[in-house]
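What follows is each chain in one-letter form.
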Amino acid sequence: MAPARPTAALLTPLVAAAGTAVGVLVLFFGQRTLSPVLVDAACAEPDCVLGVGLWLIVGGILAICVSLLAGAVFRHPDRPVPRGLFVALWCVAAYLVESVVLWILA
């Protein structure tokens, strides 16, 4: 096995965090655009939407932090970019599940 390159150790967490940030932002702004439709279906009170929005922001920040940590723990010396994208995919999927649960419970 060849020794790991020093950049490979940093590349996986950076790709994971950047991919998660892009995915979370796309989902967040998509939900923000759809919020008038979701508000009528889920809750009629502005406090409900404010609470969901705050939890989505907190969940997005937490997803990025978790992806950075998971990218550092599960890094692969030979294939850092695919491993970072894999970690980002799972973190964005977890954020999507959180979003669905929040809108259902609202």
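Residues numbered from 1 in each chain as written. Predicted model: local features only at pLDDT ≥ 70, side-chain atom pairs only at ≥ 80, totals over all residues. Heavy atoms only, no water.

(A) Structural detail: the overall build of the protein chain. Assigned secondary structure in the protein chain consists of 3 helices and 0 strands. Counted from the first residue to the last, the protein chain has its helices and strands arranged as α-α-α. Of all 106 residues assigned to the protein chain, the portion counted as buried reaches 31%. A separation of at least 24 residues holds for 89% of the contacts in the protein chain among residues at least 6 apart in sequence. Summed over its atoms, the accessible surface of the protein chain is roughly 6800 Å², and 78% of this surface lies on carbon and sulfur atoms. (Helix = DSSP H or I, 4+ residues; strand = E, 2+ residues; numbered from the N terminus. Buried < 20%, exposed > 50% of the residue type's maximum accessible area, 1.4 Å probe, protein only. Contact = heavy atoms within 4.5 Å. Areas by Shrake-Rupley, 256 points an atom, 1.4 Å probe, with all protein chains shown as cover.)

(B) Molecular detail of the nonpolar core. In this structure, Val24, Phe28, Val52, Leu56, Ala63, Tyr95, Leu102 and Trp103 together form the largest nonpolar core, which totals 8 residues. Among the secondary structure elements, those contributing two or more residues to this core are helix H1 (6–42), helix H2 (46–73) and helix H3 (80–105). Discounting residues that sit within four places of it in the chain, Val52 has contacts with Leu102, Trp103 and Ala106. (Core = buried A, V, L, I, M, F, W, Y, C linked by side-chain atoms within 4.5 Å.)

(C) How the structure looks around the packing of aromatic side chains. Under the definition given, this model contains 2 aromatic pairs. Summarising the aromatic geometry, the rings of Phe28 and Phe29 are spaced 5.4 Å apart at their centres and angled 75° between planes, so their arrangement reads as edge-to-face. A relative accessible area of 40% means that Phe29 is categorised as partly exposed. Taking the centre distance of 6.2 Å and the plane angle of 75° together, the rings of Phe86 and Trp90 count as edge-to-face. Within this pair, Phe86 and its partner Trp90 are both found in helix H3, separated by 4 residues, close to a single helical turn. For Trp90, a relative accessible area of 55% gives the class exposed. (Phe/Tyr/Trp six-rings, centres within 6.5 Å; stacked < 30°, edge-to-face > 60°.)

(D) Representation of a nonpolar patch on the surface within the structure. Taken together, the side chains of Leu96, Val97, Val100, Val101, Ile104 and Leu105 make up a nonpolar region of the molecular surface, amounting to roughly 590 Å² of accessible area. Note on placement: Val97 falls in helix H3. Taking relative accessible area as the criterion, Val97 reaches 52% and is therefore assigned exposed. (Patch = residues over 30% accessible without salt bridge, like charges linked within 9 Å, V, L, I, M, F, W, Y side chains within 5 Å. Salt bridge = Lys/Arg side-chain N within 4 Å of Asp/Glu carboxyl O.)

(E) Up close: the confidence of the model for the protein chain. Residue-level pLDDT values for the protein chain average 85, and 83% of them are 70 or greater. Predicted confidence in the protein chain is weakest over H1, with a mean pLDDT of 84, and strongest over H3, with 92. (pLDDT = per-residue confidence, 0-100.)

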